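# Descriptive structure summary
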Amino acid sequence: MHWAASILVGLLASSLSMPMCVALEPPDDGKLRVCIVESRGIYRKTPKFCPLLEAKSNIECVVGVDRLDCVRRIHKGTAHFGVLTSEDLVAARWASVEILVASELRSHEAHFEYEIVAVVNNQANIHSVHDLRGARFCHPGYGVGSHWTEVLANYFESALVSKTCNPELTVTEDRIASTARYFGPSCKAGPWVPDPKQDRILKSRYPSLCEMCYDPISCDQNDKHWGRRGALYCLSSGAGNVAWARLDDVRSHFGFIGVPAQGNPEEYSYLCPNGALQPLNVSQPCVWVAKPWPVVAARRTHAAQIQRLVTGLTHDEPDSWQNALLSLLETYHVFTVPLDNVISIDDYLDQATAFQSAYSFPECNPPRSIVFCTTSIIQHIKCSWLQEASQVYGVQPNIQCVRTTNVEHCLDDTKFKSTDVVMVDHDMRVKAQRDYNLVPLLYEFATDMHDRYATIALVHKDAGYSSFKDLRGARACLPSFEGAAHLSVQETIVNATGKVHSLHTYFHRDSCLWDPAKGRQCPLHYQGDEGALRCLAEGAHVAFLSSDVYKKYVSGNLTSDWVARGNHKAFRVLCPYGGIERRSNFEYCYLHWTTRGHLMTHNSSLMRHHEIYNSLRDMDQLFGRKYKSETRPFTLFGVFDKRNNVLFRDTTDGLLGLQELHRDNAKRVMEQIYDRYAKTQYYKNLEENSAATSSVYCLLMLFSVLCTLWRTA
């Protein structure tokens with residue numbers, strides 16, 4: 001399988017961050033290292049418990065960015081053990097990471113974290129799985145929570161309903177359509193896809209999957225029949241025939257654990273995978289799939305020692321290292337249960353009914369993978385781990401990672417559809433759109449305006465400029481040609497003067513505009529945002545640059561040599577659109593803003609765009625800032641293997657679509673400017689037309705002079 005091969009490549013490549021391409025055992029100093037991932041929220045347990053642990057034992061803390069970071073650290077030997085979920089174990093097994101399972105972390109005495117069953121109404125004439133066709137299906141729905149992954153949520157349908165692999169439909173719609181054809185009126189509420197508009201379209205196209213919901217029109221997460229208990233209410237009070245639900249919820253709903261029953265248990269039965277029926281009061285219900293507990297997992301060389309170490313850990317003595325270690329290991333789990341022997345990942349996962357089978361359903365052939373183009377080894381490593389994590393959590397279609405030598409090759413490959421997605425920055429956007437016919441699909445959005453690219457106009461504090469019109473003839477400095485600042489300045493001139501001007505004619509001829517075809521050849525140290533600021537400090541009249549560079553300058557965080565040499569001067573921001581806008585929550589007035597990163601794709605079908613868009617948004621929801629699990633499984637935006645800004649920028653808050661971008665409070669987003677420039681290049685055309693008009697005018701004048709001379713001769 002393509003994703004499996006890519007994962008193995010990524011794992012091997014991950015070791016390249018060390019001097020050799022295989023994971024080596026670090027020197028043994030006699031200490032054990034536990035990899036800890038902090039939980040969500042503001043509470044941090046490592047500052048509280050790690051000093052105590054390290055002072056009273058031979059155990060050191062290693063703080064992992066996320067759980068798969070701990071997998072990599074254990075693989076490399078920089079950590080010896082840590083807490084992993086069953087999904088992490090699947091990822092580690094796919095990546096051929098040799099980890100052994102030592103103990104389970106449980107919150108109750110059951111053998112598994114939870115088990116999932118199918119419950120049928122005895123009046124529905126369902127006596128085997130073959131009778132489910134046309135049945136009224138009650139499902140917990142989408143977006144249920146951190147422990148209800150798409151893989152387990154869709155196991156029932158995956159086992160019963162065959163895919164059509166219709167090339168005219170997205171993978172998600174193909175699955176929805178197949179379910180709608182197989183079952184009768186059903187309820188599967190919640191967001192079917194991340195995009196609300198596409199979600200409404202799909203629900204109007206397949207209304208039978210909302211028909212049994214309490215509010216079939218909305219069919220959302222507020223529905224009474226949505227969620228873990230909602231599916232059972234759909235069954236017992238909504239006239240459903242079959243429900244897919246957790247066993248503990250079934251026992252609670254039908255009054256087997258001391259709470260009032262919400263339905264008569266004698267009217268319902270468990271439907272077994274082999275077609276048999278069992279009464280609800282049976283002691284050992286037939287289970288379709290079970291989810292294993294989180295575990296303490298360790299390197300093979302230390303697994304037995306670590307199992308002995310964690311066995312019997314308690315909170316009895318608050319100042320003990322045992323309490324400190326248990327506090328670091330647990331989230332909501334309260335006690336450790338050692339296995340009889342330390343065992344391999346496969347052996348452990350095989351104990352849970354059908355858990356590994358849930359990951360082995362056949363995919364469509366050829367696969368509909370989203371090919372993500374990377375330009376470095378470290379980008380490819382992260383992309384491969386993202387691919388792995390997404391596969392574990394059921395993202396379909398998943399990404400497939402390829403590596404080229406530079407962004408231009410990625411642009412070319414995406415243009416000819418050998419890859420699907422490439423990330424470009426704000427300065428490469430025009431080139432990607434105009435020269436390679438690519439279109440933006442998602443944007444790396446940041447809440448802080450300084451983490452976006454907001455163009456500001458800087459002039460000397462004592463300069464006499466009061467409006468943008470006053471800048472005509474000024475010596476100007478731009479960071480780049482056809483970048484965000486360039487286009488923003490061009491647009492602002494139009495807005496200020498009511499006319500389209502060439503920058504070469506509007507500004508002084510000694511300006512640094514970086515046009516490769518004309519104009520002054522400026523020193524390379526004037527290039528870029530900091531270079532434009534230096535250009536201003538060393539004699540220019542106005543500089544256009546990103547606000548974040550100026551903020552660093554005024555706060556003293558710009559430490560370049562040219563600043564240290566005494567060139568720290570007083571500047572002010574020129575405001576072409578008035579003062580600071582209140583709703584922007586931004587300290588500077590600015591020309592326009594855009595995002596730092598733009599995810600570009602080929603000009604393909606709308607269906608393919610939807611498919612790519614939804615998969616990448618799913619990854620954002622799973623691994624971005626708003627992840628739902630107690631600890632982060634994988635970090636989409638943040639440090640990766642001690643490197644910054646790998647694949648995505650660390651400061652990104654989410655991947656947004658165009659409509660969401662326009663809903664931001666900050667005015668003057670640059671999307672229309674990019675589109676207009678890339679499609680028409682009217683600034684360039686105007687300049688060419690002006691030059692042509694000037695040439696014609698000169699010829700006419702010359703002809704007129706010759707005629708006059710001829711007449712007087």
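Before reading further, recall that the structure is shown in the block above.
Description of the structure in this document.

Definitions and cut-offs
- Residues numbered from 1 in each chain as written.
- Predicted model: local features only at pLDDT ≥ 70, side-chain atom pairs only at ≥ 80, totals over all residues.
- Heavy atoms only, no water.
- Salt bridge = Lys/Arg side-chain N within 4 Å of Asp/Glu carboxyl O.
- Buried < 20%, exposed > 50% of the residue type's maximum accessible area, 1.4 Å probe, protein only.
- Axes fitted to C-alpha atoms, helices over the stretch in contact; angles between N-to-C directions.
- Helix = DSSP H or I, 4+ residues; strand = E, 2+ residues; numbered from the N terminus.
- Parallel < 35°, antiparallel > 145°, perpendicular 65-115°, else oblique.
- Contact = heavy atoms within 4.5 Å.
- Nonpolar A, V, L, I, M, F, W, Y, C, P; charged D, E, K, R; others polar.
- Disulfide = S-S within 2.5 Å.
- Lys, Arg positive; Asp, Glu negative; His and termini not counted.
- Pairing = 2+ DSSP bridges.
- Left-handed = near helix turned anticlockwise from the far one by under 90°.
- Phe/Tyr/Trp six-rings, centres within 6.5 Å; stacked < 30°, edge-to-face > 60°.

### A few points about the pattern of salt bridges
Taken as a whole and assessed by the stated rule, the structure comprises 32 salt bridges. A salt bridge links Arg534 to Glu538; the nearest nitrogen and oxygen atoms lie 2.9 Å apart. Given the relative accessible area of 32%, Glu538 is considered partly exposed. Bridged by salt links that share partners, the residues Asp69, Arg72, Arg73, Lys76 and Asp641 form one connected network.

### A few points about the packing of helix α17 (residues 484-497) against helix α24 (residues 671-680)
Here α17 crosses α24 at 90°, and the two axes come no closer than 10 Å. With respect to each other, α17 and α24 are oriented roughly perpendicular. Contacts between α17 and α24 involve Ala484, Leu487 and Glu491 from the former and Ile673, Tyr674, Arg676 and Tyr677 from the latter. Taken together, the residues of the contact of α17 with α24 break down into five nonpolar, no polar and two charged.

### Quick look at the state of the cysteines
Each disulfide consists of a covalent bond between the sulfur atoms of two cysteine residues. Under the definition given, this model contains 12 disulfides. Note that Cys272 is cross-linked by a disulfide to Cys286, the S-S spacing being 2.1 Å. Residues Cys272 and Cys286 are joined by a disulfide whose S-S torsion is about -85°; by sign, that bridge is left-handed. Linking Cys272 in the loop between β8 (268-271) and β9 (277-279) with Cys286 in the loop between β9 and β10 (289-291), this pair joins segments that are 14 residues apart in sequence.

### Remarks on the side chain of Asp174
Tracing the backbone through its elements, the reader meets Asp174 in helix α7 (residues 171-182). At 5.4 Å, Arg181 is the nearest oppositely charged side chain to Asp174, a buried residue that forms no salt bridge.

### Things to note about the sheet that holds strand β1 (residues 32-36)
One open sheet holds the six strands; their spatial order is β2-β1-β3-β11-β4-β12, and the pairing between them is mixed. The strands lining the two open edges of the sheet, one partner per strand, are β2 (59-63) and β12 (335-344). Put simply, the sheet's adjacent strands are angled 30° from each other on average, direction ignored. Where helix α2 (residues 46-56) meets the sheet, its contacts fall on β1 and β2, and the angle it forms with β2 comes to roughly 150°. In this fold helix α11 (residues 303-310) packs onto β1, β2, β3 (81-84), β4 (99-106), β11 (295-299) and β12, with an angle of close to 165° to the strand it touches most, β12.

### Points about the packing of helix α4 (residues 86-94) against helix α14 (residues 377-392)
Interhelical geometry of α4 versus α14 gives an angle of 130° and a closest axis separation of 9 Å. Classified by the interaxial angle, the pair formed by α4 and α14 is oblique. For the element pair α4 and α14, the recorded crossing hand is right-handed. Every residue of α14 that contacts α4 at Glu87, Val90, Ala91, Ala92 and Trp94 is listed here: Glu388, Gln391 and Val392.

### Digging into the packing of aromatic side chains
Scanning the entire structure with this criterion turns up 28 aromatic pairs. Considering the side-chain rings of Phe137 and Phe183, the 4.4 Å spacing of their centres and the 20° angle between planes classify their relative orientation as stacked. Note that Phe137 is positioned in strand β6 (residues 137-138) and Phe183 in the loop between α7 and α8 (196-205), a separation of 46 residues in sequence. Looking at Phe183, the relative accessible area reads 3%, which means it is buried. Between Phe156 and Trp244, the ring centres sit 5.0 Å apart and the planes meet at 20°, which makes this aromatic pair stacked. Remark: Trp244 occurs in strand β7 (residues 242-246) and Phe156 occurs in helix α6 (residues 155-160); sequence separation between them is 88 residues. There is no split in this pair, since Phe156 and Trp244 are both buried.

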